[in-house]
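Descriptive analysis of the structure
Now for the letters of each chain:
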Amino acid sequence: MSKRKYYVALHSGEIMGELLQNPTDSSYEFEIEATDEEARRLNRLLGNNAVEDMETFWDAHIPYLYHNQARENEGYDRTFRQIYEMVYRLGTPETKRQIEQLGLLDVGRDSRDPEGPIY
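Note that the structure is a prediction, hence the values are computed from the model and not measured. (Residues numbered from 1 in each chain as written. Predicted model: local features only at pLDDT ≥ 70, side-chain atom pairs only at ≥ 80, totals over all residues. Heavy atoms only, no water.)

What to know about the environment of Glu29
Topologically, Glu29 is positioned in the loop between strand S2 (17-20) and strand S3 (30-34). Between the C-alpha atoms of Glu29 and Gln98, which are 69 residues apart in sequence, the distance is 9.0 Å. When residues no more than four places from it in sequence are discounted, the contact partners of Glu29 are Val8, Ala9, Leu10 and Gln98. (Helix = DSSP H or I, 4+ residues; strand = E, 2+ residues; numbered from the N terminus. Contact = heavy atoms within 4.5 Å.)

A few points about the pairing of S3
Most of S3 sits out of view: 4 of its 5 residues are buried. As paired elements, strand S1 (residues 4-10) and S3 share 5 bridges and run antiparallel to each other. Of the residues in S3, the one forming a bridge with Val8 is Phe30. (Buried < 20%, exposed > 50% of the residue type's maximum accessible area, 1.4 Å probe, protein only. Pairing = 2+ DSSP bridges.)

Some remarks on the pairing of S1
A regular strand places its side chains so that they alternate between the two faces of the sheet. Of all the 7 residues making up S1, 5 are buried; the element is thus mostly covered by neighbouring parts of the structure. The pairing of S1 with S2 spans 4 bridges and is classified as antiparallel. Residue pairing across strands places Val8 opposite Leu19, the latter belonging to S2.

Looking at the sheet that holds S3
In spatial order, the strands read S2-S1-S3; together these 3 strands make up an open sheet with antiparallel pairing. This sheet does not close on itself; its edge strands, each paired only once, are S2 and S3. On average, adjacent strands in this sheet sit at an angle of 30° to one another, irrespective of strand direction. (Axes fitted to C-alpha atoms, helices over the stretch in contact; angles between N-to-C directions.)

What about the packing of aromatic side chains?
By the definition in use, this model includes 3 aromatic pairs. When the centroid spacing of 5.1 Å and the interplanar angle of 65° are considered together, the rings of Phe80 and Tyr84 count as edge-to-face. With Phe80 and Tyr84 both in helix H2 (residues 71-90), this residue pair falls 4 residues apart, about one helical turn. Here the aromatic residues Phe30, Phe80 and Tyr84 are joined through ring pairs into a cluster of three or more. Positioned above the aromatic ring of Tyr88 is the side chain of Lys96, whose terminal nitrogen or guanidinium carbon lies 5.6 Å from the ring centre. (Phe/Tyr/Trp six-rings, centres within 6.5 Å; stacked < 30°, edge-to-face > 60°. Lys NZ or Arg CZ within 6 Å of the ring centre and 35° of its normal.)

So far we have only geometry, and geometry alone does not tell us how the molecule works.
What follows is the structure in structure tokens.
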């Protein structure tokens, strides 16, 4: 399968993220190369992240809720991490460098390390 360039824009607000085919359509953070199926999977993850974000809305209004009680936050964190993992895997060298600099993933760990995989 052939891969095409896509541009990933991660936002906060009503639209949590977009997968763009044209870099001039909107501002974007990351450039990736993906098959049509990979692009659909990433688009689904972006949609799931928007749903998880809405779930956290109600918890934000409860001042006495401890972080470990906020299960909705775990879902949001999980999908956001999956997005970054997929963007890293499909990313151009520049995209990979950007994500490594953000320090959000444990890039470079030994795959036998119980702390986590190499991406």
